[in-house]
Amino acid sequence: MAGGGAPAKADEPQPHPPKDQLPNISYCITSPPPWPEAILLGFQHFLVMLGTTVLIPTALVPQMGGGNNEKARVIETLLFVAGINTLLQTMFGTRLPAVIGGSYTFVPTTISIILAGRFSDEPDPIEKFKRIMRSIQGALIVASTLQIVLGFSGLWRNVARFLSPLSSVPLVSLVGFGLYELGFPGVAKCVEIGLPQLILLVFVSQYVPHVLHSGKHIFDRFAVLFTIVIVWIYAHLLTVGGAYNDAPHKTQISCRTDRAGLIDAAPWIRIPYPFQWGAPSFDAGEAFAMMMASFVSLVESSGAFIAVYRYASATPLPPSILSRGIGWQGVGILLSGLFGTVNGSSVSVENAGLLALTRVGSRRVVQISAGFMIFFSILGKFGAVFASIPPPIIAALYCLFFAYVGAGGLSFLQFCNLNSFRTKFILGFSIFIGLSVPQYFNEYTAINGYGPVHTGARWFNDIINVPFQSKPFVAGVVAYFLDNTLFKRAADIRKDRGKHWWDKYKSFKGDTRSEEFYSLPFNLNKYFPSV
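Report follows, based on the coordinates. These numbers were taken from a predicted model, which means no experiment stands behind them.

Within the chain, the secondary structure is distributed over 24 helices and two strands. The C-alpha radius of gyration of the chain comes to 23 Å, within 12% of the 24 Å expected for a compact globule of 531 residues. When its C-alpha atoms are laid out on the principal axes, the chain stretches across 95 × 55 × 50 Å. In the chain, which comprises 531 residues, the share counted as buried stands at 55%. Sequence separation of at least 24 residues holds for 85% of the intrachain contacts in the chain that already meet a minimum separation of 6. Working note: accessible area of the chain is about 22100 Å², and carbon and sulfur atoms make up 66% of it. Within the chain, the 29 negative side-chain charges are centred at a point lying 7 Å from the centre of the 40 positive side-chain charges.

Here the structure, examined in full by the defined rule, presents 33 aromatic pairs. Grouped by ring-pair contacts, the aromatic residues Phe43, Phe46, Phe372, Phe375, Phe376 and Phe386 constitute a single cluster. Here the basic side chain of arginine 161 rests over the ring of phenylalanine 162, its NZ or CZ set 4.9 Å away from the ring centre. A cation sits over an aromatic face here: lysine 381 above tryptophan 268, 5.8 Å from the ring centre.

Here the focus is the pattern of salt bridges. Following the criterion strictly, the structure yields eleven salt bridges and no others. A salt bridge links arginine 118 to glutamate 286, with the shortest nitrogen-to-oxygen separation between them at 2.7 Å. Placement of arginine 118 in the loop between helix 3 (107-114) and helix 4 (125-152) and of glutamate 286 in helix 13 (residues 284-311) is noted, with a sequence separation of 168 residues between them. Where arginine 422 meets aspartate 483, a salt bridge forms, and the shortest distance between an N and an O atom there is 3.3 Å.

Moving on: the state of the cysteines. One pass over the full model with this rule turns up one disulfide. Cysteine 190 shares a disulfide with cysteine 255; S-S distance 2.0 Å. Since a negative S-S torsion denotes a left-handed disulfide, the cysteine 190-cysteine 255 link at about 125 degrees is right-handed. Note that cysteine 190 is positioned in the loop between helix 7 (184-187) and helix 8 (191-212) and cysteine 255 in helix 11 (residues 249-255), a separation of 65 residues in sequence.

A separate point is the nonpolar core. Phe46, Val224 and Tyr309 are the most contacted members of the largest nonpolar core, which totals 100 residues. By residue number, the principal contributor to this core is helix 13, which donates ten residues. For phenylalanine 46, the residues in contact, after removing those within four places along its chain, are Leu79, Ser369, Phe372, Met373, Phe376 and Phe386.

Taken N-terminus to C-terminus, the directions of helix 13 and helix 14 (residues 319-339) make an angle of 130 degrees; their axes are 11 Å apart at the nearest point. As judged from the angle between their axes, helix 13 and helix 14 are oblique. Of the two elements, helix 13 crosses helix 14, and the hand of that crossing is right-handed. Mapping the contact onto sequence places Ser294, Ser297, Leu298, Ser301, Ser302 and Phe305 in helix 13 and Leu322, Gly325, Ile326, Gln329 and Ile333 in helix 14. Its residues placed into classes, the contact of helix 13 with helix 14 shows five nonpolar, six polar and no charged.

On to the packing of helix 6 (residues 165-177) against helix 21 (residues 471-485). Contact geometry for helix 6 and helix 21: axes closest at 8 Å, N-to-C directions at 175 degrees. As the angle between them shows, helix 6 and helix 21 are arranged roughly antiparallel. Only Lys471, Pro472, Ala475, Gly476, Ala479, Tyr480 and Asp483 of helix 21 make contact with helix 6, whose side of the interface consists of Leu166, Ser167, Pro170, Leu171, Leu174 and Val175. Classifying every residue of the contact of helix 6 with helix 21 by side-chain character gives nine nonpolar, two polar and two charged.

So, on to helix 15 (residues 349-358). Of all ten residues in helix 15, ten are buried, a share of seventy percent or more. Listing the buried residues of helix 15 in full gives Val349, Glu350, Asn351, Ala352, Gly353, Leu354, Leu355, Ala356, Leu357 and Thr358.

Among the secondary structure elements, serine 164 is positioned in the loop between helix 5 (155-160) and helix 6. Reaching out from serine 164, the side chain makes a polar contact with the side chain of aspartate 483 at a distance of 2.5 Å. Residues within four places of serine 164 in sequence aside, it is in contact with Asp483, Arg497, Lys499 and Trp502.

Now for helix 4. The first and last C-alpha atoms of helix 4 sit 40 Å apart over 28 residues, in line with the 40 Å expected at 1.5 Å per residue. The N-cap of helix 4, judged by a side-chain oxygen 3.3 Å from the amide nitrogen of isoleucine 126 a few residues on, is aspartate 124. Backbone geometry just downstream of helix 4 places glycine 154 in the positive-phi region, at approximately 85 degrees.

Analysis parameters
Residues numbered from 1 in each chain as written. Predicted model: local features only at pLDDT ≥ 70, side-chain atom pairs only at ≥ 80, totals over all residues. Heavy atoms only, no water. Helix = DSSP H or I, 4+ residues; strand = E, 2+ residues; numbered from the N terminus. Rg over C-alpha atoms; globule rule 2.2 N^0.38 Å. Buried < 20%, exposed > 50% of the residue type's maximum accessible area, 1.4 Å probe, protein only. Contact = heavy atoms within 4.5 Å. Areas by Shrake-Rupley, 256 points an atom, 1.4 Å probe, with all protein chains shown as cover. Lys, Arg positive; Asp, Glu negative; His and termini not counted. Charge placed at Lys NZ, Arg CZ, Asp CG, Glu CD. Phe/Tyr/Trp six-rings, centres within 6.5 Å; stacked < 30°, edge-to-face > 60°. Lys NZ or Arg CZ within 6 Å of the ring centre and 35° of its normal. Salt bridge = Lys/Arg side-chain N within 4 Å of Asp/Glu carboxyl O. Disulfide = S-S within 2.5 Å. Core = buried A, V, L, I, M, F, W, Y, C linked by side-chain atoms within 4.5 Å. Axes fitted to C-alpha atoms, helices over the stretch in contact; angles between N-to-C directions. Parallel < 35°, antiparallel > 145°, perpendicular 65-115°, else oblique. Left-handed = near helix turned anticlockwise from the far one by under 90°. Nonpolar A, V, L, I, M, F, W, Y, C, P; charged D, E, K, R; others polar. Polar contact = N/O pair within 3.5 Å; in protein donor to acceptor, adjacent residues only side chain to side chain. Expected span 1.5 Å × (residues − 1).

As structure tokens, then:
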């Protein structure tokens, strides 16, 4: 035999080939399941997004001076606006199956407005609530212009075109993993309810389908519905059985199924409308602070959109489509300000994780869930029943869904050269800094009651402190900067960072798959050629 090399073994293990589109998805964006199944899946998305929709107003409205009536109206309004924004995003934005709901990113700036000294002289708590709400509305209305301008002008497209699989890994991963404090800590607030929900969810979704060998995907696809019903009944039996009668107040709030106060306070029928709390008021400092929160939300939502396209088995998201989606998300924040939801809008990370659990990335399913949001926001009593699910049950769902989104970010490593020291440095440093810097800012704030930047101007403090409290924002910015500046001109760098995979999808012109996924309906593409 010529040559000195040994022949390759026939059974030599081969690496798994990279996949532009995620395989083993049952229904992708344009292939909806049958109507009965689609309706149940849409209702499941509705239940999942209720967690954030209820938790944020529950935390903020009492600080504003509002009671159960105000809390119920805010939840209904947030749910109504979320339904409208989800329809707008799925029809005219990215057209991905992304649920647009409330965002924790806006909470620190909102709390800063609540604590503003000019509201302390108001003796009437309801009037104080309305004054604070109008100030939050004004700040959100101004802040929405940032995403609207960056999105619809195409400026964000020019930023997104330099994204690569390498720089997307820290951003997308920490969009999911970075929310770990909302997972098991929430479960532990009532561990006798939360832990059974978490164990049962994993067992039903991951083990039961393989044990029963069912080809209909009933248990893995509807695991959320099955487990919530079972654990909710179990929690109600504990409540009516008197298990929490002598428990501390915080335990009762977390564990009991009759302490939310929403069912009695919610009206039977009510349609939310703009300026229901009065004319918005505007403060320049608060508007600038909310604009920074909007920018942080923009970066986080970009990562969430990338995770959604992956779990919907679509082709990589073209920069122009991402920019268009950000523009419509800005419209969503504008609607939040006009209606008075006490919170801005962004992509629901938990619903992105539900796409992975069900393996159904159908656009129709998410649009049906938007219909449920609008329906139950108008029929307040019925919606309040589902909004009264104990928080530990929701936190148990978060443990699985956030993990799925974080793992979705890690999946982009298949396009990168993991034997490159450049790749290892960018990944390791950006993820570590993305975890470490926000940890410092959050610990400092928890101990001192204010952030590391503490001046007489509260709005300036928020502009600096809020972005550094966001794990995906810090990690994403560091990874993006390093990936686009560190030895970028070397000949093999482009392949190491996986850029050659995504450059094929800069535009969907001529690519029938991308055109099918992302094109606007009703032949509207000709009116938006640059976005």
